[in-house]
Amino acid sequence: MADDNEELQADEELPAPAEDGFEQLENDSPAERSGHVAVTDGHCMYVWGGYKNAQVRGFYDFYLPRDEIWIYNMETGRWKKSKTEGDVPPSMSGSCAVCVDRVVYLFGGHHARGNTNKFYMLNSRSTDRVLQWVRVECQGVPPSSKDKLGVWVYKNKLIFFGGYGYFPEEKQRGTFEFDETSFWGKTPSPRAAHACATVGNRGFVFGGRYRESRMNDLYYLNLDTWEWNEM
């Protein structure tokens, strides 16, 4: 897996012909990958990041190009690839993303130097020939660096849950600490690589991994009262 591979390069890219802005690719599609983000808004799906298994330049796990985003039109059944510029995030896997009003918000993830808690946005509605990433400087205390987390969208808020976080000074990699703080109610255990969904005022979380266990439990968090409920 990419998050266990010390040699995986953050800024390496697969050889590809030069693209000019936003190109229609009728007979092409994204490379095979895992650890990417795929989010929908309206009739479009946006795919970014991740890695593939390929014996390229001596490395087994290989990050996909960080300066491109693939857009799938669910009405026409066609892919488009857009090159991006600006504050381009590093090549990563395990990031968390959501698309709201055709703006892609990207948080966290794992790159060759560890986990991050940086926050980015990409406005796909932009009329610029090349889409621009923007690094968002948020106020307040940010979440810790993490990957494989989940997110709910509710009342103009992005609410993040779970994920893997490293111990200080990288004494141990690929695990997370148990944070004893919790909300009211029967709370789920810490976890990463779970699935999240928002339905009404409820943020659902299913499955995931905690330490050596993979789970199939189902909880929801009332996003008005912050109460957990097990189903």
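Criteria and thresholds
Residues numbered from 1 in each chain as written. Predicted model: local features only at pLDDT ≥ 70, side-chain atom pairs only at ≥ 80, totals over all residues. Heavy atoms only, no water. pLDDT = per-residue confidence, 0-100. Contact = heavy atoms within 4.5 Å. Phe/Tyr/Trp six-rings, centres within 6.5 Å; stacked < 30°, edge-to-face > 60°. Helix = DSSP H or I, 4+ residues; strand = E, 2+ residues; numbered from the N terminus. Buried < 20%, exposed > 50% of the residue type's maximum accessible area, 1.4 Å probe, protein only. Lys NZ or Arg CZ within 6 Å of the ring centre and 35° of its normal. Salt bridge = Lys/Arg side-chain N within 4 Å of Asp/Glu carboxyl O. 1 Å grid on protein atoms, 1.4 Å probe; cavity = no way out; pocket = protein on both sides within 12 Å on 5 of 7 lines; lining within 4 Å. Points joined across faces, edges and corners; volume = space filled by probe spheres on them. Nonpolar A, V, L, I, M, F, W, Y, C, P; charged D, E, K, R; others polar.

Examining the confidence of the model for the protein chain
Overall, the predicted model of the protein chain reaches an average pLDDT of 83, with 77% of residues at or above 70. For the stretch residues 1–27, pLDDT sits under 50, and the model shows 69 contacts to residues farther than four places along the chain or on other chains. Of the regions scoring below 50 in pLDDT, residues 167–177 engages in 26 contacts with residues more than four places distant in sequence or in other chains.

Comments concerning the packing of aromatic side chains
In the structure shown here, the tally under the stated rule is 12 aromatic pairs. On the numbers, 6.1 Å between centres and 65° between planes, the contact of tryptophan 152 with tryptophan 228 is edge-to-face. Linking tryptophan 152 in strand β14 (residues 150–154) with tryptophan 228 in strand β20 (residues 227–230), this pair joins segments that are 76 residues apart in sequence. Note on accessibility: tryptophan 152 and tryptophan 228 belong to one class, buried. Considering the side-chain rings of phenylalanine 161 and tryptophan 228, the 5.3 Å spacing of their centres and the 55° angle between planes classify their relative orientation as tilted. A residue pair is termed long-range when its members are at least 10 positions apart, and phenylalanine 161 in strand β15 (residues 157–161) and tryptophan 228 in strand β20 qualify at 67 residues. A single burial state applies to phenylalanine 161 and to tryptophan 228, both of which are buried. Counting every residue linked through ring pairs, the aromatic cluster contains Tyr105, Phe107, Phe119 and Phe160. Here arginine 202 stacks its cationic end above the ring of tyrosine 220, 4.0 Å away from the centre of that ring.

Points about the pattern of salt bridges
In total, this model carries 7 salt bridges according to the counting rule given. Two residues, aspartate 67 and lysine 83, come together in a salt bridge whose shortest N-O distance is 3.3 Å. Within this pair, whereas aspartate 67 is found in the loop between β5 (59–63) and β6 (68–73), its partner lysine 83 is found in strand β7 (residues 78–86), the two being separated by 16 residues in sequence. Given the relative accessible area of 18%, aspartate 67 is considered buried. Judged by its relative accessible area of 19%, lysine 83 is buried. Taking the shortest distance from any N to any O, the salt bridge between lysine 155 and aspartate 224 comes out at 3.3 Å. On the criterion of sequence distance, the pair formed by lysine 155 in the loop between β14 and β15 and aspartate 224 in the loop between β19 (213–222) and β20 is long-range, its members being 69 residues apart.

A short note on the environment of asparagine 156
Tracing the chain through its elements places asparagine 156 in the loop between β14 and β15. Distance from asparagine 156 to valine 100, taken between C-alpha atoms, is 9.0 Å for residues 56 residues apart in sequence.

What about empty space enclosed by the protein?
Taken as a whole and assessed by the stated rule, the structure comprises 1 cavity of 30 Å³ or more. Volume-wise, the largest cavity comes out at about 30 Å³. In terms of lining, the largest cavity is formed by Val37, Tyr46, Val47, Trp48, Ile69, Val104, Leu106 and Trp133. Contributing elements (two or more residues each) for the lining of the largest cavity: β3 (44–48) and β9 (103–107). Ranked by the residues each element gives to the lining of the largest cavity, the list is headed by β3, at 3 residues. Looking at the lining of the largest cavity residue by residue, the class counts come to 8 nonpolar, no polar and no charged.

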